[in-house]
Amino acid sequence: MTTTQIWHALAGGALIGAGSATLLLLNGRIAGVSGILGNVIRATAGEQGWRIAFLIGLIVPALILGAGSPLLPGDWRWAMASGLLVGFGTALGSGCTSGHGVCGLANLSARSLLATLVFMGTAVFTVFVVRHSAAT
Amino acid sequence: MKFVTAMCAGLLFGAGLLLSGMTDPANVLGFLDIFGAWRPQLALVMAAAVFVTAPAFLYVRRSGQNARGEPVELPDRRRIDGPLIVGASLFGIGWGLSGICPGPGIVLLSTRSGIVFVFMGAVIAGMALLPLVRRATERG
């Protein structure tokens, strides 16, 4: 890891935190991306405007600056399996990396700490199986 | 006003994901690959994000309101149940397969890459599947 990467990680993380703090302090809402997206697609009764505004805000910096051309592992079936698990899992577990991992930990939530340890654990296991086991 | 502040929050969040390198699955998978060429960036990103967000939560938790004086109810911090564990486990498996979670997935739609649309379409399908599975298990 280069010094530049360290600074980018810290500054990027601070920006993510600033976004989460802004949404909490000014909207009284948790910046959990899976929860926000889930409520938009389920067309939950009540306020949708702020959710859609947040999601638009999320993508705009990449539209202006470009997100490069990152490579996804596997083919479209692999991406589909991954997406289904991510969507179903975050809906069932009420959160993802942002909701449990950033906001939950910042709120000193035991529930979110456990969720974060569990999804980190199964993710590490999955990467191990995919990259290092003889089966694949 | 609520739209404006929510969009600003999204802009900060999206810029952070981009700058931190977390929209590149290689960095995420590199972090999760603790037995390979480990990339520790994700830990720094999370630590910095939590560090900046924590005071805001402390304020809201103590006062029960946001900076505008509106009442805020924060999520349960203690309840640990089956859905939390099973859901987090499944999410982790899916995350480990691609290195993309919902935030970066949305950001990467900007690349107009077909495989990202497949991924995000599947995320939405997976989310929509939950109430159907719940209804089916309740009936059975």
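Check the entry above for the structure.
About the thresholds
- Residues numbered from 1 in each chain as written.
- Chains lettered and ligands numbered in written order.
- Predicted model: local features only at pLDDT ≥ 70, side-chain atom pairs only at ≥ 80, totals over all residues.
- Helix = DSSP H or I, 4+ residues; strand = E, 2+ residues; numbered from the N terminus.
- Buried ≥ 20, exposed ≤ 12 C-beta atoms within 10 Å, placed from the backbone.
- Expected span 1.5 Å × (residues − 1).
- Bend = angle between axes of the 7 residues up to and from the residue.
- Contact = placed C-beta atoms within 7 Å.
- Nonpolar A, V, L, I, M, F, W, Y, C, P; charged D, E, K, R; others polar.

**Q** Explain the overall build of chain B here, please?
**A** Looking only at helices and strands, chain B has 6 helices and 0 strands in total. Helices (α) and strands (β) of chain B occur, in sequence order from the N terminus, as α-α-α-α-α-α. Dimensions along the principal axes, computed over C-alpha positions, put chain B at roughly 45 × 45 × 30 Å. The proportion of buried residues among the 140 residues of chain B is 52%.

**Q** What am I meant to see in helix H3 (residues 49-65) of chain A here?
**A** Owing to its 3.6 residues per turn, the α-helix brings residues three or four apart onto one side. Residues and elements named next belong to chain A. Over its 17 residues, H3 runs 25 Å from end to end, which matches the ideal 24 Å to within 8%, given 1.5 Å per residue. Along H3, the sharpest change in direction is near 25° and occurs at isoleucine 59; proline proline 61 comes one to four residues later. Those residues of H3 not exposed but buried are Trp50, Arg51, Ala53, Phe54, Leu55, Gly57, Leu58, Pro61 and Ala62. Looking at the residues trailing H3, positive phi occurs at glycine 66, about 85°.

**Q** In this structure, what is going on with the interface of chain A and chain B? I would like to understand it.
**A** Listed per partner, the contact involves 96 residues of chain A and 100 residues of chain B. Contributing elements (two or more residues each) for the side of chain A that touches chain B: helix H1 (3-27), helix H2 (33-41), H3, helix H4 (76-92), helix H5 (97-106) and helix H6 (110-132) of chain A. Top contributing element to the side of chain A that touches chain B by residue count: H1(A), with 22 residues. Its residues assigned to classes, the side of chain A that touches chain B comprises 62 nonpolar, 32 polar and 2 charged.

**Q** What am I meant to see in H1(A) here?
**A** Compared with the 36 Å implied by 1.5 Å per residue over 25 residues, the 35 Å span of H1(A) between its first and last C-alpha is a close match. Two residues or fewer past H1(A), Gly28(A) is found with a positive phi of approximately 70°.

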